[in-house]
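Summary of the model geometry
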Amino acid sequence: MSHLKLALIGAGVIGKRHLRAMQSTEGVALVAIADPFPSARETADAHGVPLFSSTAEMLTEVNPDGVIIATPTEHHCEPTLLALESGAHLLVEKPMMATLEECQRTIEKSAATGKHVLVGHHRRYYHLVNQARDIIQQGHLGRLVSVNGLWNVRKPADYYAADWRRKWQAGPILTNLIHEMDLLRYIVGDIHSISAETSNTVLGFEKEDTAALIMRFANGALGTFMLSDQSHSPWSWEQATGENEAFPRSGRNVIQFMGTEGSLEFPNLKLWKSDTGDSCWTNPLTPETLGGELEDAYINQLTHFAAVIKGDEPPRIDAQDATDTLSATLAVYDAAKSGSRVQL
Ligand SMILES: NC(=O)c1ccc[n+]([C@@H]2O[C@H](COP(=O)([O-])OP(=O)(O)OC[C@H]3O[C@@H](n4cnc5c(N)ncnc54)[C@H](O)[C@@H]3O)[C@@H](O)[C@H]2O)c1
């Protein structure tokens, strides 16, 4: 069976993560890298593929079946439109685009070319995330009443040494919270409205240090979320799961889902329900831990991308869905700035 031809645009931190996953994914082969910076030469040589400084030239020369876009977010749009025009299906890193206007152009181009855009919200490929989704969407907690989440880390001072990292676009809402917003949208469903407060009192930069959110989901559940990149705590997805070896694993739960018939701690999937089935505050709740080992979500994502290219599966998160995640994330800024609830 012939392999699907994949090209990578942008061979930086996450681009290399995709290359690592590609080596363990069946049915796909890397055929080229496009990156205008000389540092990409070493990566291309290590993988034995040609390096192009021009995306357009790469697309014409190698005519890939699928393209992974892993450039900085403000440079997602141009290669996305070019690659769709060339007839390739895309896996675009998150946030899908820098603006909602660019998202709209992408949705229109995808429809016009008939080529799929899959967006790199990789957490959707973990089994435990899908288990949590099933527990909630199949009603095992009864009616979902509320959600409470945390993402609290302390980034080092040199993270913000570069000027651009001090701007709002590099703050923890757009960089980190977007993963949480996508996770909540995937597990719980659409977000209807958001209120928020932000603060920058620790570092004093344009970007926020901390955000507090209140959300109403379309299914009627309410949610709260506390985010900070200036608080040293064991409560973040990365520390909870140990997904990335750079962040020591704490193994703590960081989200609680609470329903009329029981509750779920996440990501360890500790399910709290009454043995008698009678959900009342005088009845004891017995915990059951359902979680398992964490797989490599990037391999699962690439395997799915191959199925999308072949037309065997629809994208698990397409351009419209990822636009809705970006829209919900950007609404946090609007809500904090205006001091009023933003409807989505
Ligand atoms: N899914 C995740 O968890 C995750 C994690 C990290 C980054 N990301 C996303 O991935 C994207 C890249 O982030 P990164 O940390 O890898 O950045 P990076 O700076 O490490 O890498 C970007 C690469 O793109 C290249 N590049 C820049 N402009 C280009 C252009 N016009 N055409 C081709 N190549 C170009 C650069 O030379 C560099 O090699 C961002 O959108 C980021 O939000 C996602």
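1. Quick word on the domain arrangement of the chain
- Segmentation of the chain into domains returns domain 1 (4-123 + 298-313) and domain 2 (127-294 + 326-343).
- Its C-alpha centre places domain 1 at a distance of 28 Å from the equivalent point of domain 2.
- Between domain 1 and domain 2, the residue contacts involve seven residues of the former and eight residues of the latter.
- For the side of domain 1 that touches domain 2, a count of residues per class yields four nonpolar, one polar and two charged.

2. Looking at the site of the ligand
- The full set close to the ligand counts 23 residues, and G10, G12, I14, F37 and E93 are the nearest of them.
- Class assignment for the residues of the shell around the ligand results in eleven nonpolar, nine polar and three charged.

3. Quick notes on the environment of A32
- Tracing the backbone through its elements, the reader meets A32 in strand β2 (residues 28-34).
- Separated by 23 residues in the primary sequence, A32 and I9 place their C-alpha atoms 8.6 Å from one another.

4. Comments concerning the nonpolar core
- A7, L8, L90, I194 and V332 are the most contacted members of the largest nonpolar core, which totals 93 residues.
- Domain assignment of the residues forming this core places at least three in each of domain 1 (4-123 + 298-313) and domain 2 (127-294 + 326-343).
- Setting aside chain neighbours within four positions, we find L8 in contact with G15, H18, L19, L30, I33, I68 and A70.

5. A look at unusual backbone geometry
- The omega torsion across K94 and P95 is -15°, close enough to zero to call that bond cis.
- Here P95 lies in the loop between β5 (89-92) and α5 (100-113).
- The residue after F266, namely P267, is reached through a cis peptide bond having omega 10°.
- Positionally, P267 belongs in the loop between β12 (262-266) and β13 (270-274).
- At N63, a residue that is not glycine, the phi angle is positive and equals roughly 45°.
- Within the element layout of this structure, N63 appears in the loop between α3 (55-62) and β4 (66-69).

6. Let's talk about the sheet that holds strand β3 (residues 51-52)
- One open sheet accounts for six strands, arranged β3-β2-β1-β4-β5-β6; its pairing is parallel. Sheet topology places β3 and β6 (117-119) at the edges, where each strand pairs with a single neighbour.
- Each of β1 (4-9), β2, β4, β5 and β6 touches helix α9 (residues 297-309); the most contacted strand, β5, lies at about 155° to it.

7. Regarding the environment of L203
- Along the chain, L203 turns up in the loop between β8 (191-199) and β9 (210-217).
- Looking at L203, the number of C-beta atoms within 10 Å reads 15, which means it is partly exposed.
- Once the C-alpha coordinates of L203 and A157 are considered, the two residues, 46 residues apart in sequence, prove to be 9.1 Å apart.
- In this view, L203 contacts Y160, D209 and Q230; residues no more than four positions away in its chain are not counted.

8. Things to note about the environment of A34
- Within the element layout of this structure, A34 appears in strand β2.
- Taking C-alpha positions, A34 is 7.7 Å from A7, a pair spaced 27 residues apart along the chain.
- The contact partners of A34, leaving out residues within four places of it in the chain, are A7, I9, F52, S54, T55 and M58.

Calculation notes
Residues numbered from 1 in each chain as written. Predicted model: local features only at pLDDT ≥ 70, side-chain atom pairs only at ≥ 80, totals over all residues. Domains from an automatic or database assignment. Contact = placed C-beta atoms within 7 Å. Nonpolar A, V, L, I, M, F, W, Y, C, P; charged D, E, K, R; others polar. Near = placed C-beta within 6 Å. Helix = DSSP H or I, 4+ residues; strand = E, 2+ residues; numbered from the N terminus. Core = buried A, V, L, I, M, F, W, Y, C linked by C-beta atoms within 7 Å. Buried ≥ 20, exposed ≤ 12 C-beta atoms within 10 Å, placed from the backbone. Pairing = 2+ DSSP bridges. Axes fitted to C-alpha atoms, helices over the stretch in contact; angles between N-to-C directions.

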